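Structural overview
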Amino acid sequence: VWSDIYDRLAELVTEHRSTLIFVNTRRLAERVTHHLDERLREPLGLHAVAAHHGSLSPQIRLGAEERLKTGQTRAVVATASLELGIDVGTVDLVCQIGSPRAIAVCLQRVGRSGHWIGAVPKARLFATTRHELIECAALIRAIRSGDLDRLEIPPAPLDILAQQIVAAAATQDWREQDLFDLCRRAFPYRDLDREAFDAVVRMQADGI
């Protein structure tokens, strides 16, 4: 299946001026870049494909962005590192390998393409397993019907409370009642009882 995916990606890259290929892991970004480079080096030349992820140095990432923007590189294989806030110029096509796992993530990635007047963002999703095929089909259906991810805010999560208590105590001294009152001002902790708060403070003071 991977050979077919690489072949199809190579076709799409040659058919478009610029392509962003999103993957979910840094290791996969390097692997896809390597296999695409093998397929595209002869028709498109050196540096037709570049990788972009958090393990690369800022200079390498910036170089990939600039080459894509100026047309020297035809495709960039990226993780979430290129999802937000980076200007990569005009992108004709976005490809997503594997399920992006969330509607909002898929919309954000697809939305990197088609940034000119009258353009419509264009994307291709590549499922690598049957489970991903079901997820991708559900994503497309949700996007077409205008649905977004349902947010579920857990009531008073104590692990987050413990982190916030540490952060607050690291910056200044607190009376326990004042810190309890501060925590209760946050919506998820509006019904936090003092017994649970005291138990978290004791756990942090004495250890588990």
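Now for a look at the structure at hand. Being a predicted model, the structure only gives us computed values, none of them experimental. Position numbers for residues count from 1 along each chain, tracking the sequence in the order it is written. In keeping with the predicted nature of the model, local features appear solely for residues at pLDDT of at least 70, side-chain atom pairs appear and are counted solely at 80 or more, and the whole-chain, interface and lining totals rest on all residues. The side-chain figures draw on all heavy atoms in the structure; neither hydrogens nor water molecules are used.

1. Considerations on the overall build of the protein
Counting from the N terminus, the helices are DSSP H or I runs at least four residues long and the strands are E runs at least two residues long. A count of helices and strands for the protein gives eight helices and five strands. Taken from N to C terminus, the helices and strands of the protein fall in the order α-β-α-β-α-β-β-α-β-α-α-α-α. Here the globule rule is a power law, 2.2 Å times the number of residues to the power 0.38, and the radius of gyration is based on C-alpha atoms. For a compact globule of 208 residues, the expected C-alpha radius of gyration is about 17 Å, and the protein comes in at 23 Å, more than 25% above that figure. Principal-axis analysis of the C-alpha atoms gives the protein an extent of 70 × 40 × 35 Å.

2. Regarding the packing of aromatic side chains
Centre-to-centre distance and the angle between the planes together describe a pair of aromatic rings. Any Phe, Tyr or Trp ring, taking Trp's six-membered ring, that has another such ring centre within 6.5 Å forms a pair; planes under 30 degrees apart are called stacked, those over 60 apart edge-to-face, and the others tilted. Within the structure shown, the criterion is met by two aromatic pairs. Our definition puts a charge over a ring when NZ of Lys or CZ of Arg is within 6 Å of the ring centre and also within 35 degrees of the ring normal. The positively charged end of R17 is found above the aromatic ring belonging to W116, 5.9 Å away from the centroid.

3. Digging into the pairing of strand β5 (residues 123–126)
The pairing criterion for strands is at least two bridges between them, as found by DSSP. Both strand β4 (residues 93–97) and β5 contribute to a ladder of four bridges, which runs parallel. If you follow I97 over to β5, its bridge partner there is F126. Seen with the strands pointing away from the viewer, any crossover whose path from the first strand over the helix to the second strand runs clockwise is right-handed. Crossover handedness for the path β4 to helix α4 (residues 103–110) to β5: right-handed.

4. Some remarks on the packing of α4 against helix α5 (residues 130–145)
What counts as an axis is a line fitted to C-alpha atoms, over the stretch in contact for a helix, and the angles between N-to-C directions run from 0 to 180 degrees. Two elements in contact, α4 and α5, have axes separated by 10 Å at closest approach and are oriented at 75 degrees. Our classification of the angle between α4 and α5 gives roughly perpendicular. Counted together, I103, C106 and L107 of α4 and L139, A142 and I143 of α5 form the full contact between these two elements. By definition in this entry, angles of less than 35 degrees are roughly parallel, angles greater than 145 are roughly antiparallel, angles of 65 to 115 are roughly perpendicular, and the rest are oblique. By definition, residues are in contact when any of their heavy atoms lie within 4.5 Å.

5. Structural notes on the environment of A78
Inspection of the secondary structure assignment puts A78 in strand β3 (residues 75–78). Separated by 55 residues in the primary sequence, A78 and V23 have C-alpha atoms spaced 6.1 Å apart. In this structure A78 touches I21, F22, V23 and H52, once residues within four positions along its chain are discounted.

6. A few points about the state of the cysteines
The criterion for a disulfide is a pair of cysteine sulfur atoms lying within 2.5 Å. Inspection of every chain in the model, using the stated rule, returns zero disulfides. Cysteine C136 shares no disulfide, and the gap to the nearest cysteine sulfur, in C106, comes to 7.5 Å. Burial here depends on accessible area, computed with a 1.4 Å probe over protein chains only, as a share of the maximum for the residue type. Under 20% is buried, over 50% is exposed, and the range in between is partly exposed. For C136, a relative accessible area of 5% corresponds to the buried category.

7. Some remarks on the sheet that holds strand β2 (residues 49–52)
Read across the open sheet, the five strands follow the order β2-β3-β1-β4-β5; overall the sheet is parallel. In this open sheet, the two strands that pair with only one neighbour each are β2 and β5. Strand-to-strand twist in this sheet, taken as the mean axis angle between neighbours without regard to direction, amounts to 20 degrees. Here strand β1 (residues 19–22) runs beside β4; their pairing, made up of four bridges, is parallel. Of the residues in β4, the one forming a bridge with L20 is V94. Where α4 meets the sheet, its contacts fall on β1, β4 and β5, and the angle it forms with β4 comes to roughly 145 degrees.

8. Remarks on the pattern of salt bridges
Just to be clear on terms, a salt bridge is a Lys or Arg side-chain nitrogen sitting within 4 Å of an Asp or Glu carboxyl oxygen. Scanning the entire structure with this criterion turns up 12 salt bridges. With its nearest N and O atoms 3.0 Å apart, the salt bridge here joins D92 to R17. Of this pair, D92 sits in the loop between β3 and β4 while R17 is found in the loop between α1 (2–15) and β1, placing the two residues 75 residues apart along the sequence. In this structure D92 comes out as buried when scored by relative accessible area, which is 11%. Here R41 makes a salt bridge to D37, at a shortest N to O gap of 2.3 Å. Here D37 and R41 lie together in helix α2 (residues 26–44), a separation of four residues that amounts to about one turn. Taken together, the shared-partner salt bridges in this structure form one network comprising E66, K69 and D87.

9. Looking at the layout of surface pockets
Cavity and pocket criteria rest on a 1 Å grid covering protein atoms alone: a 1.4 Å probe that fits but cannot get out defines a cavity, protein on both sides within 12 Å along at least 5 of 7 lines defines an open pocket, and an atom within 4 Å of a point defines a lining residue. Grid points are joined across faces, edges and corners, and a volume is the space filled by probe spheres set on the points. Here the largest pocket is characterised by a volume of approximately 190 Å³. Lining of the largest pocket is provided by C106, L107, V110, P121, A123, R124, L125, I140, I143 and R144. For the lining of the largest pocket, the secondary structure elements donating two or more residues are α4, β5 and α5. Under the scheme applied, nonpolar residues are Ala, Val, Leu, Ile, Met, Phe, Trp, Tyr, Cys and Pro; charged residues are Asp, Glu, Lys and Arg; polar residues are all the others, including Gly. For the lining of the largest pocket, the residue count by class is eight nonpolar, no polar and two charged. As a volume, the second largest pocket reaches approximately 160 Å³. If you trace the second largest pocket, you find it lined by I165, A169, Q172, D173, W174, R175, E176, L179, V201, Q204 and A205. Listing elements by their share of the lining of the second largest pocket, those giving two or more residues are α6 (158–171), α7 (176–184) and α8 (194–206). The element contributing the most residues to the lining of the second largest pocket is α8, with three residues. Among the residues forming the lining of the second largest pocket, the class breakdown is six nonpolar, two polar and three charged.

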